[in-house]
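What follows is the residue order along each chain.
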Amino acid sequence: MIGTRDRRIPRSTCSGSGSSRSGGIFLYSSFALGGAPDGGWFGYAPLTSTPPANGSSRGAAPTFWTVGLIMLGIGSVATAVNFLVTILNMRAPGMTMMRMPCSCG
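Residues numbered from 1 in each chain as written. Predicted model: local features only at pLDDT ≥ 70, side-chain atom pairs only at ≥ 80, totals over all residues. Heavy atoms only, no water.

Draft legend 1. Structural view of the environment of Gly16. Note on placement: Gly16 falls in helix α1 (residues 10-32). C-alpha of Gly16 to C-alpha of Ser76: the two residues are 60 residues apart in sequence and 6.6 Å apart in space. (Helix = DSSP H or I, 4+ residues; strand = E, 2+ residues; numbered from the N terminus.)

Draft legend 2. Representation of the environment of Leu33 within the structure. Along the polypeptide, Leu33 turns up in the loop between α1 and α2 (45-49). Taking C-alpha positions, Leu33 is 8.7 Å from Phe64, a pair spaced 31 residues apart along the chain.

Draft legend 3. Inspection of α1 at higher detail. Between its first and last C-alpha, α1 extends 33 Å over 23 residues, near the 33 Å set by a 1.5 Å rise per residue. Among the residues of α1, those classed as buried are Ser12, Gly16, Ser19, Gly23, Gly24, Leu27, Ser29 and Ser30. Gly34 sits one or two positions beyond α1 and adopts a positive phi of about 155°. (Expected span 1.5 Å × (residues − 1). Buried < 20%, exposed > 50% of the residue type's maximum accessible area, 1.4 Å probe, protein only.)

Draft legend 4. Representation of the packing of α1 against helix α3 (residues 61-89) in the model. At a closest axis distance of 7 Å, the pairing of α1 and α3 adopts a crossing angle of 160°. Viewed along their axes, α1 and α3 adopt a mutual orientation that is roughly antiparallel. Classified by chirality, the crossing of α3 by α1 is left-handed. Among the residues making up the contact of α1 with α3, the classes are represented as 11 nonpolar, 15 polar and no charged. (Axes fitted to C-alpha atoms, helices over the stretch in contact; angles between N-to-C directions. Parallel < 35°, antiparallel > 145°, perpendicular 65-115°, else oblique. Left-handed = near helix turned anticlockwise from the far one by under 90°. Nonpolar A, V, L, I, M, F, W, Y, C, P; charged D, E, K, R; others polar.)

Draft legend 5. Up close: the side chain of Ser19. By the secondary structure assignment, Ser19 is in helix α1. Those residues in contact with Ser19, other than ones at most four positions away along the chain, are Met71, Leu72, Ile74 and Gly75. (Contact = heavy atoms within 4.5 Å.)

Draft legend 6. Structural view of α3. The end-to-end C-alpha separation of α3 is 42 Å, in line with the 42 Å expected for 29 residues at 1.5 Å each. Along α3, the residues classified as buried are Ala61, Pro62, Trp65, Gly68, Gly75, Asn82 and Thr86.

Here's what the structure looks like:
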């Protein structure tokens, strides 16, 4: 819709989607490695790093959950930057920001 065949930084697209994919695998593998990480919905570090009161170990679930969230964030930021750079630098001649279509349908 903006008049270009590909995105401005194709390697960023590939690395962003790969990072999101592997982050999702890490995130969902945390459930297989010991259930949902019980550190609260905000993932506050002292709650996810200290062992529970009964002396049992939390296992690797909070670590995989945290790594998965970080990798998903990196992939999302890389993809967003690539979209913005493509929109700003590779518009068709005469396609100003105000003439650019806002929807896909």
